[in-house]
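One letter stands for each residue in the lines below.
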Amino acid sequence: KVINAEFRENEALLNGGAIGMVYGNQGAIFAKLDLISNTTKESGGAVYSFTNNLGAKFYKSTFHSNRAGADGGAISFQQHIGNTQININLISTFTI
C-alpha cells in the first residue's frame, strides 16, 4: 500500500519509470499519488506491471506528463495470467 506520495522525474532504462511490479504482486493499493514527468525507454512511463499480478488499485491519483519509449505512457500492464484486474477510480486524472 502506498498513500500520499509523489513520484516526479524518475527515469527507468527498461520498464516502469516510477513504479514497477513483477511476478506475483498480491494486489497493490495506491492512493493519492502524484506521478509527474516519469519516463522509461520501454513500457510504462509511470507504472509497469508484468505477469501474474493479482490486481492493482489506484484511487485519487494524478498521472501527468509521463512518457514511455514503447507503450503505456502512463500505465502498462502486460502478460497477465488468471484473474487480473486494474481499478482506476473516476477521481484519478490523466493529463499530458
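For the structure itself, look to the data block above.
Everything in this summary refers to the structure shown in the same document. The model shown is predicted, which means the values in this text are computed figures rather than measured ones. (Residues numbered from 1 in each chain as written. Predicted model: local features only at pLDDT ≥ 70, side-chain atom pairs only at ≥ 80, totals over all residues. Heavy atoms only, no water.)

1. A short note on the overall build of the protein
Right, so step 1: Across its full length, the protein holds zero helices and twelve strands.
Right, so step 2: Reading the helices (α) and strands (β) of the protein from amino to carboxyl end gives β-β-β-β-β-β-β-β-β-β-β-β.
Right, so step 3: By residue count, 38% of the 96 residues in the protein fall in the buried class.
Right, so step 4: A sequence separation of at least 24 residues applies to 82% of the contacts in the protein between residues at least 6 apart. (Helix = DSSP H or I, 4+ residues; strand = E, 2+ residues; numbered from the N terminus. Buried < 20%, exposed > 50% of the residue type's maximum accessible area, 1.4 Å probe, protein only. Contact = heavy atoms within 4.5 Å.)

2. Focus on the sheet that holds strand β5 (residues 39-40)
Right, so step 1: Read across the sheet, three strands follow the order β2-β5-β9 without closing on themselves; strand pairing throughout is parallel. Both edges of this open sheet fall to β2 (11-12) and β9 (67-68), since each of them pairs with a single strand only.
Right, so step 2: Where β2 meets β5, two bridges bridge the pair, whose relative direction is parallel. Bridged to A12 within β5 is T40. (Pairing = 2+ DSSP bridges.)

3. Here we look at the environment of S43
Right, so step 1: Inspection of the secondary structure puts S43 in the loop between β5 and β6 (47-50).
Right, so step 2: Once the C-alpha coordinates of S43 and Q78 are considered, the two residues, 35 residues apart in sequence, prove to be 9.3 Å apart.
Right, so step 3: Dropping the residues within four chain positions of it, S43 is found in contact with L14, N15, G16, Y48, A68, A70, D71, G72, S76 and Q78.
Right, so step 4: A polar side-chain atom of S43 sits 2.7 Å from a polar atom in the side chain of D71. (Polar contact = N/O pair within 3.5 Å; in protein donor to acceptor, adjacent residues only side chain to side chain.)

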